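The lines below spell out each chain.
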Amino acid sequence: MDIIRVKDYNELSEKASQLVVGQVKTAIHSVLGLATGSTPEGLYQQLIEQYKQGNVSFKPLTTFNLDEYVGLSDDDPNSYRYYMNDKLFNHIDLPEQRAFLPNGDAADLENECRDYEAMIRDAGHIDLQILGLGLNGHIGFNEPGTPFDRRTHIVDLDESTREANARFFPSMDDVPRKAITMGIGTIMDSKKIVLLVSGEKKADAVSKLVNGEVTETFPASILQKHENVTIVADEGALSKV
Ligand SMILES: N[C@@H]1[C@@H](O)[C@H](O)[C@@H](COP(=O)(O)O)O[C@@H]1O
């Protein structure tokens, strides 16, 4: 694993944007894997800036997001589809029909998981996957205990994950209990992975990710086995490594 140490969140977002733009410029038909949560927001702002300045086009790309809540419609402000439209897709030239997220509102969720997995496979797998890191080591919404070979699947969210994400919802009761997520097997098929992590509250998680044992009780630890992982982290996040 390569670790890029940056000073703060701003520098993290800039570094991440350089990596993404570099990927897009070397391979214009790249398949990007995208993440939600607070951490990639700065990256998305940087990408919009780069696009507006005419430094990059996203037209030939395909993107797949990691996950989506079950039961929220596309226009629900808490759905990840809404987040992606609002924070990135509405501001760049990526064609809507090639910006994929799992449909958490599908009538047949099992079928939706199979279709999503098949689409990623048919696209030739992900060239560069952006990841955040949950406090309990989750990646995407793969909670502790998820088998490392899982493909896209439906998860019951941990209470700790619901609490961590409750800040986006009016009340704890509004936080969905289920989500669809790419599996760890799906994520591990990505050719490159860039994991972004910021702030001291993630320091324990980063330390386990980098130095802990590889175990399904801490899903992100599997990244130690991937051949091409870059962690971009600030001083706070790296304070216990
Ligand atoms: N499903 C998302 C993850 O993909 C994300 O990485 C994690 C960390 O989020 P944050 O960046 O807000 O700390 O939160 C959510 O649970």
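Computed from a predicted model, the values in this text were never measured in an experiment.

Draft legend 1. Region of the structure containing the sheet that holds strand β6 (residues 128-131). Taking strand neighbours across the sheet as the criterion, the seven strands line up as β1-β10-β9-β6-β2-β3-β5 in an open arrangement whose pairing is parallel. At either margin of the open sheet sits one strand with a lone partner, and together these are β1 (2-6) and β5 (99-100). Examined bridge by bridge, β6 and strand β9 (residues 192-197) share four bridges and lie parallel to one another. Within the sheet, the bridge partner assigned to Leu128 lies in β9 and is Lys192.

Draft legend 2. Structural view of the UniProt feature "active site" (unreviewed entry) in the chain. In this numbering, the UniProt entry assigns the feature "active site" (unreviewed entry) to Asp67, Asn136, His138 and Glu143. Tracing the chain through its elements places Asp67 in strand β4 (residues 67-69). Classification of Asp67 as buried rests on a count of 22 C-beta atoms within 10 Å. With near-sequence residues (within four places) excluded, Asp67 lies in contact with Tyr80, Pro102, Gly140, Phe141, Ala179, Ile180, Thr181 and Met182. Relative to the elements of secondary structure, His138 occurs in the loop between β6 and β7 (153-156).

Parameters at a glance
- Residues numbered from 1 in each chain as written.
- Predicted model: local features only at pLDDT ≥ 70, side-chain atom pairs only at ≥ 80, totals over all residues.
- Pairing = 2+ DSSP bridges.
- Helix = DSSP H or I, 4+ residues; strand = E, 2+ residues; numbered from the N terminus.
- UniProt positions renumbered as here; feature names shortened; annotations may be inferred.
- Buried ≥ 20, exposed ≤ 12 C-beta atoms within 10 Å, placed from the backbone.
- Contact = placed C-beta atoms within 7 Å.

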